[in-house]
Amino acid sequence: MKIILAGANGHLGRRLIEAIGSQHEIVAVVRSLSAAQLLIQLPCQVAIVAYSNHHQLTKAAQGCDLMINLTGIIKATRTNSYFQAHEETATALVAACQAAGVPRIIALGICGTSLSSSNACFRSRAAAEQVMCEGIPTTTILRVPMVLGEGDYASRALLKKSSRSFSLCFRSASLEQPLYAGDVIAALSRLLHVEAPGVLELAGPESLSRSSLIQRTAAVSRQGKVAVISIPLAVGLLMAYVLETLVSNPPVTRDMLGVLDHDDQTESDTAERLGISLTPLDKMLSLVG
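Residues numbered from 1 in each chain as written. Predicted model: local features only at pLDDT ≥ 70, side-chain atom pairs only at ≥ 80, totals over all residues. Heavy atoms only, no water.

Draft legend 1. Region of the structure containing the packing of helix 9 (residues 233-246) against helix 10 (residues 254-261). Direction vectors running N to C along helix 9 and helix 10 enclose 150 degrees, while the axes themselves pass 8 Å from each other. In terms of their interaxial angle, helix 9 and helix 10 are classed as roughly antiparallel. On helix 10, the residues that touch Leu233, Gly236, Leu237, Ala240, Tyr241 and Glu244 of helix 9 are Arg254, Leu257 and Asp261. Residues of the contact of helix 9 with helix 10, tallied by class, amount to five nonpolar, one polar and three charged. (Axes fitted to C-alpha atoms, helices over the stretch in contact; angles between N-to-C directions. Helix = DSSP H or I, 4+ residues; strand = E, 2+ residues; numbered from the N terminus. Parallel < 35°, antiparallel > 145°, perpendicular 65-115°, else oblique. Contact = heavy atoms within 4.5 Å. Nonpolar A, V, L, I, M, F, W, Y, C, P; charged D, E, K, R; others polar.)

Listed below in structure tokens is the structure:
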């Protein structure tokens, strides 16, 4: 099978290429030389293409059996808005698929996505999903919550919080349902051979508070007990607002905080439908620790 992969240079993109690159022909689309260099040692062809260049993107998609779209952001900047990262990108990818005759798209989304959401990131992602589903009706959207994988940003942040005697976090009662990165790759691999148009949700085996997750991580890694101090989300939103007004590329934004604060408590039969077994939470934490 020949696959065009957008967003290939991210953690999940590289992991997916490692998992399926020897069985399938992968055309990894990236937008810069620095992104391409991350893929040099992986089993794939690399194409440096601007998504705005319809001709080049269509050429990269020629002969492909499907597209996997792993693009997306949770923090917008002044040079990369949610609209640019989501709707514009989805429109460009769909147009390339239509022109090249690519019949299917598999796209990774995030739980909480909705056109009616008050959060700009969730609304933008929902609009992008709509573009893909309407443009290529066989599109499958796989929505996931927090993903934890070896060496990724989310895992490093969680391990850092759990290694302290006390940890500060916004709204510690917020629910998390972490999913192991390897399970995401297993689901995407199965979807290559299973047509499931529409939206699927896949979350980890346990939903627990952010405070409990930090303490569980500390217990698994034998770091001792952690006192989790909860800060009202309103404080974080105020801090983010100040940073947004003063800094061109703030480390955190209000919409980003809204995404991270979303309560994840998902029940679905997606794992059973795809025939995959979810990694238990403690094993997940030991793998990424």
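Draft legend 2. Fine view of helix 5 (residues 120-135). Between its terminal C-alpha atoms helix 5 stretches 22 Å, which fits the 22 Å expected from 16 residues at 1.5 Å a residue. Residues of helix 5 that are buried: Cys121, Phe122, Ser124, Arg125, Ala126, Ala127, Ala128, Glu129 and Met132. Elements that come into contact with the buried residues of helix 5 comprise strand 4 (66-69), helix 4 (82-100), strand 5 (105-110), strand 6 (140-144), strand 11 (198-201) and helix 10. The residue sitting at the N-terminus of helix 5 and contributing the capping side-chain oxygen is Asn119; that oxygen lies 2.9 Å from the backbone nitrogen of Cys121. (Expected span 1.5 Å × (residues − 1). Buried < 20%, exposed > 50% of the residue type's maximum accessible area, 1.4 Å probe, protein only. Polar contact = N/O pair within 3.5 Å; in protein donor to acceptor, adjacent residues only side chain to side chain.)

Draft legend 3. Just empty space enclosed by the protein, in detail. Scanning the model with the defined rule gives one cavity of 30 Å³ or more in all. Listing elements by their share of the lining of the largest cavity, those giving two or more residues are helix 4, strand 5 and helix 5. Examining the composition of the lining of the largest cavity, we find that four residues originate from one element, helix 5, more than from any other. Grouping the constituent residues of the lining of the largest cavity by class yields seven nonpolar, five polar and two charged. (1 Å grid on protein atoms, 1.4 Å probe; cavity = no way out; pocket = protein on both sides within 12 Å on 5 of 7 lines; lining within 4 Å. Points joined across faces, edges and corners; volume = space filled by probe spheres on them.)

Draft legend 4. A look at a nonpolar patch on the surface. Together, Leu238, Tyr241, Val242, Leu246 and Val247 give the surface a local cluster of nonpolar side chains, amounting to about 470 Å² of exposed area. Note on placement: Tyr241 falls in helix 9. (Patch = residues over 30% accessible without salt bridge, like charges linked within 9 Å, V, L, I, M, F, W, Y side chains within 5 Å. Areas by Shrake-Rupley, 256 points an atom, 1.4 Å probe, with all protein chains shown as cover. Salt bridge = Lys/Arg side-chain N within 4 Å of Asp/Glu carboxyl O.)

Draft legend 5. Layout of helix 8 (residues 210-220). Those residues of helix 8 not exposed but buried are Arg210, Ser211, Leu213, Ile214, Thr217 and Ala218. Here the buried residues of helix 8 occupy an arc of 165 degrees about the axis, which is enough to place them on one side. Looking one or two places after helix 8, you find Arg222, whose phi comes out positive at around 55 degrees. (Arc of directions from axis to C-beta.)

Draft legend 6. Main features of the side chain of Ser209. For Ser209, the position within the fold is in strand 12 (residues 208-209). In terms of polar contacts, Ser209 uses its side chain to reach the side chain of Ser212, at 2.9 Å. Ignoring any residue separated from it by four or fewer positions in sequence, one finds Ser209 in contact with Ser172, Ala173, Ser174 and Leu175.

Draft legend 7. Inspection of the layout of surface pockets at higher detail. By volume, the second largest pocket is sized at about 180 Å³. Considering only residue class, the lining of the second largest pocket consists of four nonpolar, three polar and four charged.

Shape descriptors only; they carry no functional weight alone.
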